[in-house]
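The residues making up each chain are set out below.
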Amino acid sequence: MASLPSPEESLLEAVRRGNRSALATVYDLYSPAIYRYLARRTGDVRIAEDLTGTVFLKVLEAVQKRQVWTTTFVGWLYRIAHNAVIDYFRRTGRRSEEILDETLLSDAAAPDWLAERAARRATVRQALNALTEEQAQVVLLRFGEGLSHQEVAAIMGKSEGAVKLLQHRALHALRRILIEEEL
Amino acid sequence: MTRRSSPEYLDNEIADLIGAELESVWAEIPPRPESCAAANKAAFIAAGVRLAGEHRPMRVLSLRVFRYAAIFAFMLVSTFAGARALSAQSLPGDTLYPVKLSLENADRLFYESDSWQSQQEARRLAEVLAVAAYGEDASVSFVATPTRTEDGRWIVGNVPLMVTAEQSLMLGNQCVRNDNTVRIFGQVRDGAVYVTALTPSCFYLASR
């Protein structure tokens, strides 16, 4: 007996046929998460918006070519977004989160508690920047986007064990840096 | 159950400790500009509609094209066959006679040979004889081998050729190579052919 198509498959079939309502639904459902991920990775809303457009255009092309995803549709979207970010960084020679430093608050006139919070965030940013690209990617996908090890592994094209190892090293590095800062 | 000493447990513990701080850093990203999001959405929908049009199955397109092509071909063949059938029996002077000549000229592209040319010339001569027999008028051009009667007149088949003295001399002294054939231009009237010009076969064969 043939299995029923999943809601995503039905939706994408309508997208393949060029149904405007289905296209709008797909964009409304998935673009906020992809945009958020891209904004966190690049730290620039304009670039994130551009890359979101690129990602969804690639999705359209893949849907027309009837390419299939290996894990989940969302995981597949993140993988396309991940590749788009890697391409962007390769093209521009920038590294993720570096740009966050540019938006660092340095308001000397701010109250003490605000200045303390800003300083703490700056420390976290520096700690994130100290991670390798892959470690930072795992931290963002696991804790920023809430994806499973399996999904992160599929997005990054790695084994689940490799992702767990990257996460382990990343978290320990973050803790070490943050504790050192406190001392 | 996860053991307290396992890497997974330690990871979760660390993640709990620094999770809020990570969130606060990520939350610093300004909210998505609505206008950009709307423009991107519109572009996405337009691209989706366009790509769907480009990837529309060729079978549907080819079926439609094939249907129109078949109708067009059928009309073309019908028109061609109808014109051929209607004009087949026409004679010089008839409205459809030029159509008949045009179709035969088209046939020349496929069938031209000496025997085909001879058949065509025989057909033209038969048409002239028929027009003369019916007593109709028509301008004609045909190839024939005129013969001279005992009383000095020229005929083709049973149809008299009305020629000038000069033309009669030309026919009598014709320098044609073997068969004494000439191309005759003239007017069929009252059962006779009034010759306006003659071309000896040594010329028209060369120009064929």
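Residues numbered from 1 in each chain as written. Chains lettered and ligands numbered in written order. Predicted model: local features only at pLDDT ≥ 70, side-chain atom pairs only at ≥ 80, totals over all residues. Heavy atoms only, no water.

Undergrad: Looking at this model, I keep getting lost on the overall build of chain B. Mind explaining?
TA: The helix and strand inventory of chain B stands at seven helices and six strands. Among the 208 residues that make up chain B, the fraction classed as buried is 32%. Across chain B, contacts joining residues at least 24 apart in sequence account for 51% of those joining residues at least 6 apart. Summed over all atoms, the accessible surface of chain B reaches about 13300 Å², with 60% contributed by carbon and sulfur. (Helix = DSSP H or I, 4+ residues; strand = E, 2+ residues; numbered from the N terminus. Buried < 20%, exposed > 50% of the residue type's maximum accessible area, 1.4 Å probe, protein only. Contact = heavy atoms within 4.5 Å. Areas by Shrake-Rupley, 256 points an atom, 1.4 Å probe, with all protein chains shown as cover.)

Undergrad: What should I look at first to understand the interface of chain A and chain B in this one?
TA: The extent of an interface is frequently quoted as the accessible surface area lost upon association of the parts. Counting residues at the interface gives 43 residues for chain A, matched by 29 residues for chain B. For the pair chain A and chain B, the summed buried surface comes to about 3400 Å²; carbon and sulfur atoms form 69% of the total. Counting across the chain A and chain B interface gives two salt bridges. Applying the counting rule to chain A against chain B returns five residue pairs in polar contact (both at pLDDT 80 or more). Listed by contribution, the elements that provide at least two residues to the side of chain A that touches chain B are α2 (20–42), α3 (45–64), α5 (112–130), α6 (133–144) and α8 (160–182) of chain A. Residue contributions to the side of chain A that touches chain B peak at 11 residues, all from α2(A). For the side of chain A that touches chain B, the class distribution of residues is 20 nonpolar, 10 polar and 13 charged. (Buried area = accessible area lost by both parts, 1.4 Å probe. Salt bridge = Lys/Arg side-chain N within 4 Å of Asp/Glu carboxyl O. Polar contact = N/O pair within 3.5 Å; in protein donor to acceptor, adjacent residues only side chain to side chain. Nonpolar A, V, L, I, M, F, W, Y, C, P; charged D, E, K, R; others polar.)

Undergrad: What exactly am I supposed to notice about the sheet that holds strand β2 (residues 147–148) of chain B here?
TA: Each strand in a sheet pairs with another by means of backbone hydrogen bonds, the pair being arranged parallel or else antiparallel. Residue and element names in this part refer to chain B. Pairing in this open sheet of six strands is mixed, and the strands run β1-β5-β6-β4-β3-β2 from one edge to the other. Edge strands, defined here as strands with exactly one partner in the open sheet, are β1 (138–144) and β2. Where strand β3 (residues 154–156) meets strand β4 (residues 159–162), three bridges bridge the pair, whose relative direction is antiparallel. Note on β4: the bridge partner recorded for Ile155 is Pro160. Across the face of the sheet, helix α5 (residues 114–134) comes into contact with β1, β3, β4, β5 (182–189) and β6 (192–200) while running at roughly 135° to β1. (Pairing = 2+ DSSP bridges. Axes fitted to C-alpha atoms, helices over the stretch in contact; angles between N-to-C directions.)

Undergrad: Where do I start with α2(A) in this structure?
TA: One turn of an α-helix holds 3.6 residues; hence residues three or four places apart share an orientation. Residue and element names in this part refer to chain A. Remark: the principal bend of α2, roughly 40°, maps to Ser31, with a proline, Pro32, within the next four residues. Measuring from the backbone nitrogen of Ser21 back to the side-chain oxygen at the start of α2 gives 2.9 Å, which picks out Asn19 as the cap. One or two residues past the end of α2 sits Gly43, with phi positive at roughly 75°. (Bend = angle between axes of the 7 residues up to and from the residue.)

Undergrad: Mind showing me how you'd approach the packing of α2(A) against α6(A) here?
TA: Helix-helix packing is characterised by the crossing angle of the two axes and by the distance between the axes. Residues and elements named next belong to chain A. Taken N-terminus to C-terminus, the directions of α2 and α6 make an angle of 145°; their axes are 11 Å apart at the nearest point. The handedness of the crossing between α2 and α6 is right-handed. Residue-level inspection shows Tyr37, Arg40 and Arg41 of α2 in contact with α6, the latter providing Glu133, Gln137, Leu140, Leu141 and Gly144. When its residues are assigned to classes, the contact of α2 with α6 shows three nonpolar, two polar and three charged. (Left-handed = near helix turned anticlockwise from the far one by under 90°.)

Undergrad: I tried to follow unusual backbone geometry on my own but got confused; where do I start?
TA: Most peptide bonds take the trans form, and the phi angle of most residues other than glycine is negative. All names here are of chain B. With phi around 55°, Asp190 is a residue other than glycine that occupies positive phi space. Its place among the elements puts Asp190 in the loop between β5 and β6. Classification of Asp190 as exposed rests on a relative accessible area of 64%.

Undergrad: Just to check I follow, could you spell out the side chain of B:Arg32 for this structure?
TA: Along the chain, the position of B:Arg32 falls in the loop between α1 (7–26) and α2 (34–54). A distance of 3.2 Å separates polar atoms of two side chains, one belonging to B:Arg32 and the other to A:Ser31. Engagement of the side chain of B:Arg32 in a polar contact is seen with the side chain of A:Glu49, the distance being 2.8 Å. Those residues within four positions of B:Arg32 in sequence are excluded, and the remaining contacts are A:Tyr27, A:Ser31, A:Pro32, A:Tyr35, A:Glu49, A:Thr52 and B:Ala37.

Undergrad: Help me understand the nonpolar core in this model?
TA: For soluble globular proteins, nonpolar side chains are generally found buried alongside one another. One finds A:Leu38, A:Val55, A:Leu128 and A:Leu174 to be the most contacted residues of the largest nonpolar core, which totals 65 residues. With 11 residues, the single largest contributor to this core is α2(A). (Core = buried A, V, L, I, M, F, W, Y, C linked by side-chain atoms within 4.5 Å.)

Undergrad: Whenever I open this one, the confidence of the model for chain B confuses me. Can you help?
TA: Fine structural detail should not be taken from predicted coordinates in areas where pLDDT scores are low. All names here are of chain B. For chain B, per-residue confidence averages 80 on the pLDDT scale, and 82% of positions sit at 70 or higher. When mean pLDDT is taken per element in chain B, β4 scores highest with 92 and helix α7 (residues 201–204) scores lowest with 54. Scored below 50 in pLDDT, residues 204–208 shows 10 contacts in the model against residues more than four places distant or in partner chains. (pLDDT = per-residue confidence, 0-100.)

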